[in-house]
Structure formats: structure tokens, C-alpha cells
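Residues per chain are reported as follows:
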Amino acid sequence: MTTSQEAPAEVNDARGRVAELHAIRAEVVRGPSEKATEAQRAKGKLTARERIDLLLDEGSFHEVEPLRRHRATGFGLEAKRPYTDGVITGWGMVHGRTVFVYAHDFRIFGGA
């Protein structure tokens, strides 16, 4: 047992990894860029997450694999690996009934 007030290196490393994961998740929710979001709104459109939030009962959405990234190569895709690959998927409730949803995020790969 250490007499120091500092946490062991393993604990600090774990805390750092947890903080990194929280930062990545926040990035996923924000989307690819503020510029892309502004362009979407300029067209009078909502983001994929906003559309899902409007459909589902408040706080009921459970996203499936938001950190998933493609492994495609060619055509420069290996340099563009956004989280979700532009499709938000999951389940939630509509008037108390479970539904499964997905929405294409046009800010990522034009929704393709």
C-alpha cells in the first residue's frame, strides 16, 4: 500500500481512458462539424439526432454502436472514418411502445 495521496498509475490511466471515451461520445453527438450542421439548418432540415428526438418519447432513445466506423479502403475512404458512418440506429419508445429507428445523417457522406 502506498502512503502517497496520489492514485496508482493504473487508476490514473483508467481515468484518462474514461475521460477520452466521454470526449469521443460528445464528439459523436455533436456530429462531423459545426459548418456541416449550419449547412443542414440553412436548408431548413434537422440533423438525424434531432429527427429521432422529435419522433421518440423524451429520453427513451438507446443508440446501437455509436462508435462504429467503417473499414473501407479506396477512393480516399481510409482517411474519412466518421463515427456512426452517417447512420444513427437504435430503439426507443413512441407513446410508450418500443420501436426501432434509424436515420441517415446527411452531414456525413451526404447521407449515403
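Coordinates for the structure precede this section.
As a starting point, this report considers the structure included with it. (Residues numbered from 1 in each chain as written. Predicted model: local features only at pLDDT ≥ 70, side-chain atom pairs only at ≥ 80, totals over all residues. Heavy atoms only, no water.)

### A look at the overall build of the protein
Moving on, step 1. If you tally the helices and strands in the protein, you get three helices and three strands.
Moving on, step 2. Reading the protein from its N end, one meets helices and strands in the order α-α-α-β-β-β.
Moving on, step 3. In the protein, which comprises 112 residues, the share counted as buried stands at 22%.
Moving on, step 4. A fraction of 56% describes how many contacts in the protein between residues 6 or more apart in sequence connect residues 24 or more apart.
Moving on, step 5. Working note: accessible area of the protein is about 8,400 Å², and carbon and sulfur atoms make up 56% of it. (Helix = DSSP H or I, 4+ residues; strand = E, 2+ residues; numbered from the N terminus. Buried < 20%, exposed > 50% of the residue type's maximum accessible area, 1.4 Å probe, protein only. Contact = heavy atoms within 4.5 Å. Areas by Shrake-Rupley, 256 points an atom, 1.4 Å probe, with all protein chains shown as cover.)

### With respect to helix α1 (residues 9–30)
Structural remark: α-helix, 3.6 residues per turn; residues separated by three or four positions point the same way.
Moving on, step 1. Between the first and last C-alpha of α1 there are 32 Å, a value that for 22 residues agrees with the 32 Å anticipated at 1.5 Å per step.
Moving on, step 2. Among the residues trailing α1, Gly31 stands out with phi positive, at a value near 100°. (Expected span 1.5 Å × (residues − 1).)

### A look at the environment of Met93
Moving on, step 1. By the element assignment, Met93 lies in strand β2 (residues 87–94).
Moving on, step 2. Owing to a relative accessible area of 28%, Met93 belongs among the partly exposed residues under this scheme.
Moving on, step 3. When the C-alpha positions of Met93 and Gly59 are compared, they lie 9.0 Å apart, and in sequence the two are 34 residues distant.
Moving on, step 4. Once residues lying within four places of it in the same chain are set aside, the contact partners of Met93 are Leu56, Asp57, Ser60 and Thr98.

### Here's the deal with a nonpolar patch on the surface
Moving on, step 1. There is a patch of nonpolar side chains on the surface, built from Val64, Trp91 and Phe100 and spanning about 330 Å² of accessible area.
Moving on, step 2. Within the secondary structure layout, Phe100 lies in strand β3 (residues 97–104). (Patch = residues over 30% accessible without salt bridge, like charges linked within 9 Å, V, L, I, M, F, W, Y side chains within 5 Å. Salt bridge = Lys/Arg side-chain N within 4 Å of Asp/Glu carboxyl O.)

### Remarks on the sheet that holds β3
Moving on, step 1. Strand order in the open sheet made by the three strands is β1-β2-β3, with antiparallel pairing throughout. Pairing within the sheet leaves two strands with one partner each, and these edge strands are β1 (62–63) and β3.
Moving on, step 2. For β2 and β3, the ladder comprises eight bridges, and the chain directions are antiparallel. Bridge assignment links Val87 to a residue of β3, and that residue is His104. (Pairing = 2+ DSSP bridges.)

### Concerning the pattern of salt bridges
Moving on, step 1. In this structure the tally under the stated criterion is three salt bridges.
Moving on, step 2. One salt bridge connects Arg41 with Glu50, and the closest N-O pair in it is separated by 2.2 Å.
Moving on, step 3. On the basis of relative accessibility, which here comes to 24%, the residue Glu50 falls in the partly exposed class.

### Notes on helix α3 (residues 48–55)
Moving on, step 1. Listed in full, the buried residues belonging to α3 are Ala48, Arg49 and Ile52. Here the buried residues of α3 occupy an arc of 95° about the axis, which is enough to place them on one side. In α3, the exposed positions that point more than 90 degrees away from the buried face belong to Asp53 and Leu54.
Moving on, step 2. Against α1, β1, β2 and β3 lie the buried residues of α3. (Arc of directions from axis to C-beta.)

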